[in-house]
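Structural overview
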Amino acid sequence: MTYFTVNEDTPSSSARISTLGPSGTSSEQAAKHLLEHLDADNGQILLHPSYHDAARSLSDGEADYLVVANAFHGINDYYMDPIMNVHSVFHMLTPLYGLAKRPNDHLAAQLEVISHPAPVPLITEFMPRGHECARVIPANSTAAAAKAVEKGDYDVALTTQPAAEQHNLVFFSNQRPIEMVWTVFTHHQEQA
């Protein structure tokens, strides 16, 4: 994994990293990799329902770092925010993505798929023959999508392997990771 560090700092061994949750997101995996890179043995990952909530925790001083996938459609807000600095950027493969359902469910030909908006273009690639995506339902994260399918709210989620496992779902499509670039933000500190 290659890190390009923009603003050097001396991280604490108890670094707090905010990102998109719930557990099972690619963002959580990226935050785990950042903890390892920072050698933050006592570090903590703070998972939030949205990147905006995660950014707020950085602004409010509850977190030291914010990890955001560059595929997130609102990341430009953080680059422009005067209270945030770009700390580093890194490349990382995500966990496997695929279309998941509850075990033993028989699916109709026309499917409603719940997903975070960013990976929606993968639905066409993953859709097995004999099935078609009739509608995409937006979710705050692919892990939230998996949870909604587990609860029975929807039949199919575009989700990650960790989220599928956590929510007792099985893939019925091909799977693959996404090559992703991640940006790490810190709270802007005035230079003395």
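Before reading on, note that the structure itself is shown above.
Everything numeric here is computed off the predicted structure, so don't read it as measured data. (Residues numbered from 1 in each chain as written. Predicted model: local features only at pLDDT ≥ 70, side-chain atom pairs only at ≥ 80, totals over all residues. Heavy atoms only, no water.)

1. Focus: the pattern of salt bridges
Quick reminder of the rule: We count a salt bridge whenever a side-chain nitrogen from Lys or Arg sits within 4 Å of a carboxyl oxygen from Asp or Glu. Helix numbers and strand numbers start at the N terminus; a helix is a DSSP run of H or I with at least 4 residues, a strand a run of E with at least 2. Throughout this description, buried means an accessible area under 20% of the type-specific maximum (1.4 Å probe, protein chains only), exposed means over 50%, and partly exposed covers the range between.
Tallied over the entire structure, the rule returns seven salt bridges. The partner of Arg16 in a salt bridge is Asp64, with the nearest N and O atoms 3.0 Å apart. One end of the pair, Arg16, is in strand E2 (residues 16–20); the other, Asp64, is in the loop between helix H2 (51–59) and strand E4 (65–69), with 48 residues separating them in the sequence. Judged by its relative accessible area of 26%, Arg16 falls in the partly exposed class. The partly exposed category is assigned to Asp64, whose relative accessible area is 28%. Note that Glu125 is salt-bridged to Arg176, the shortest N-O span being 2.8 Å. Of this pair, Glu125 sits in helix H4 (residues 122–126) while Arg176 sits in the loop between strand E10 (170–171) and strand E11 (179–187), and the two are 51 residues apart along the sequence. Shared partners join several salt bridges into a network, and the residues in it are Arg102, Asp105 and Asp155.

2. Points about the side chain of His48
We count it as follows: For this analysis, a polar contact is any N or O atom pair within 3.5 Å, provided that within protein one partner can donate a hydrogen and the other can accept it, and provided that sequence-adjacent residues contribute only side-chain to side-chain pairs. Whether two residues are in contact is decided by their heavy atoms: any pair within 4.5 Å suffices.
You can see His48 is positioned in strand E3 (residues 44–48). A distance of 3.4 Å separates the side chain of His48 from the side chain of Ser57, its partner in a polar contact. With near-sequence residues (within four places) excluded, His48 lies in contact with Ser18, Thr19, Leu20, Gly21, Asp53, Ala54 and Ser57.

3. Examining the packing of aromatic side chains
This is how it is decided: Whether two aromatic rings pair depends on their centres lying within 6.5 Å, for rings of Phe, Tyr and Trp, where Trp uses its six-membered ring; planes under 30 degrees apart make the pair stacked, over 60 edge-to-face, and the rest tilted.
Per the counting criterion, the structure on display carries four aromatic pairs. Centroid distance Phe72 to Tyr78: 6.2 Å. Interplanar angle 15°. Geometry classified as stacked. Accessibility assignment for this pair places Phe72 and Tyr78 in one class, buried. Judged by centre distance (6.0 Å) and plane angle (75°), the ring pair of Tyr78 and Phe185 falls under edge-to-face. Of this pair, Tyr78 sits in helix H3 (residues 75–80) while Phe185 is found in strand E11, placing the two residues 107 residues apart along the sequence. Accessibility classification places Tyr78 together with Phe185 in one group, the buried group. Every member of this aromatic cluster is reached through a ring pair, and the members are Tyr51, Phe72, Tyr78, Tyr79 and Phe185.

4. Here's the deal with the pairing of E2
Both faces of the sheet carry side chains from a regular strand, because those side chains alternate between them. What counts, and what does not: A strand pair is defined by DSSP finding two or more bridges across the two strands.
The buried fraction of E2 amounts to four of the five residues, a majority that puts the element mostly inside the structure. Here E2 pairs with E4 via two bridges, running parallel. Each bridged residue has a counterpart across the sheet, and for Ser18 the counterpart in E4 is Leu66.

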